[in-house]
Amino acid sequence: MPQPTPEQQIRKKIERRFKKALTDYRMLDDGDRILVALSGGKDSLALLEFLSARSRILKPRISLVAAHIRLRNIEYLSDANILKEFCSRNGVEFHLVESEFDASTDTRKSPCFLCSWNRRKALFTLAQELGCNKLALGHNMDDFLETMLMNITFQGAFSAMAPTMQMRKFPLTVIRPLCLTDEKDIETLASLSHYPQQVKRCPYERDSNREQMKQLLQHLEKLNPEARYNLWGSMSNIQCELLPPQIEKTQNKTEK
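Residues numbered from 1 in each chain as written. Predicted model: local features only at pLDDT ≥ 70, side-chain atom pairs only at ≥ 80, totals over all residues. Heavy atoms only, no water.

Sorry if this is basic, but what is going on with a nonpolar patch on the surface here?
A cluster of nonpolar side chains, contributed by Ile-152, Phe-158, Ile-238 and Leu-243, occupies part of the molecular surface with about 370 Å² of accessible area. If you trace the backbone, Ile-152 turns up in helix α5 (residues 141-155). (Patch = residues over 30% accessible without salt bridge, like charges linked within 9 Å, V, L, I, M, F, W, Y side chains within 5 Å. Areas by Shrake-Rupley, 256 points an atom, 1.4 Å probe, with all protein chains shown as cover. Salt bridge = Lys/Arg side-chain N within 4 Å of Asp/Glu carboxyl O. Helix = DSSP H or I, 4+ residues; strand = E, 2+ residues; numbered from the N terminus.)

Got a minute to help me understand the environment of Leu-217 in this structure?
With respect to the secondary-structure elements, Leu-217 resides in helix α7 (residues 210-223). Taking the relative accessible area as the measure of exposure, Leu-217 reaches 2% and is therefore buried. Sequence separation of Leu-217 and Leu-145 is 72 residues, and the distance between their C-alpha atoms is 7.9 Å. Residues contacting Leu-217, with those up to four places away along its chain left out, are Asp-142, Leu-145, Arg-228 and Leu-231. (Buried < 20%, exposed > 50% of the residue type's maximum accessible area, 1.4 Å probe, protein only. Contact = heavy atoms within 4.5 Å.)

Looking at this structure, how should I read helix α1 (residues 6-24)?
Every α-helix winds through 3.6 residues per turn, so residues three or four apart in the chain are directed the same way. Here α1 spans 27 Å end to end across 19 residues, near enough to the 27 Å set by a 1.5 Å rise per residue. All buried positions along α1 are accounted for by Ile-10, Ile-14, Phe-18, Ala-21 and Leu-22. One face of α1 carries all of its buried residues, which in axial projection span an arc of 105°. The outward face of α1, more than 90 degrees from its buried face, is lined by the exposed residues Lys-12, Arg-16 and Thr-23. (Expected span 1.5 Å × (residues − 1). Arc of directions from axis to C-beta.)

This is the structure we're talking about:
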């Protein structure tokens with residue numbers, strides 16, 4: 001019996017964690033029409049590929065459509081033809097939406113944050129126009145853990161992202177099926193599968209605290225190879241009796 005190739009091995013590993021995320025966090029329901037946010041990076045390409053394969057399973061029955069949001073006033077422009085061709089190969093309808101925003105309206109926020117938020121709003125609007133009830137985003141486990149570390153460090157809040165989240169102002173549920181998948185595994189898959197690569201890189205991709213959190217996570221894994229999985233588990237293993245009790249924010253400010 002032939003041994004599985006390295007590509008088959010990594011695909012099987014990612015697929016196992018992908019399916020676990022779908023099941024554990026109840027991401028799919030029969031009749032779902034899902035808009036896949038396609039940035040052009042390795043995570044969104046992997047997300048599209050695995051969801052496309054999942055859409056060919058009868059129960060629960062789902063349908064997909066993909067979209068890329070291009071902001072005209074950001075220097076970075078992805079190659080839409082690459083994304084369109086990748087979607088075509090996976091049997092998914094592709095939409096390109098162009099938009100823009102005025103960064104001067106909120107100088108407190110970084111260009112990276114404003115770009116991300118405006119892309120997200122455009123996706124919410126498009127999802128409604130296309131009759132989608134769910135929006136799939138390509139955040140992997142590293143993204144969750146880095147966000148948690150940033151929020152603890154800079155906001156004083158123990159929070160990250162929700163694998164499944166019902167939006168308050170939109171009739172839309174956000175799902176993140178790669179939440180249990182390591183970024184390094186997706187990088188390996190992208191290399192072995194020869195995912196198409198964008199020629200240009202976003203000018204703001206390293207202009208944030210996330211890069212420092214990425215390095216911190218790597219350092220923690222040197223201290224303990226199981227650090228990432230312990231950090232993930234800690235988000236659902238909060239022992240309130242061993243934490244300081246909550247106090248009123250006004251009281252906390254007064255004492256400072």
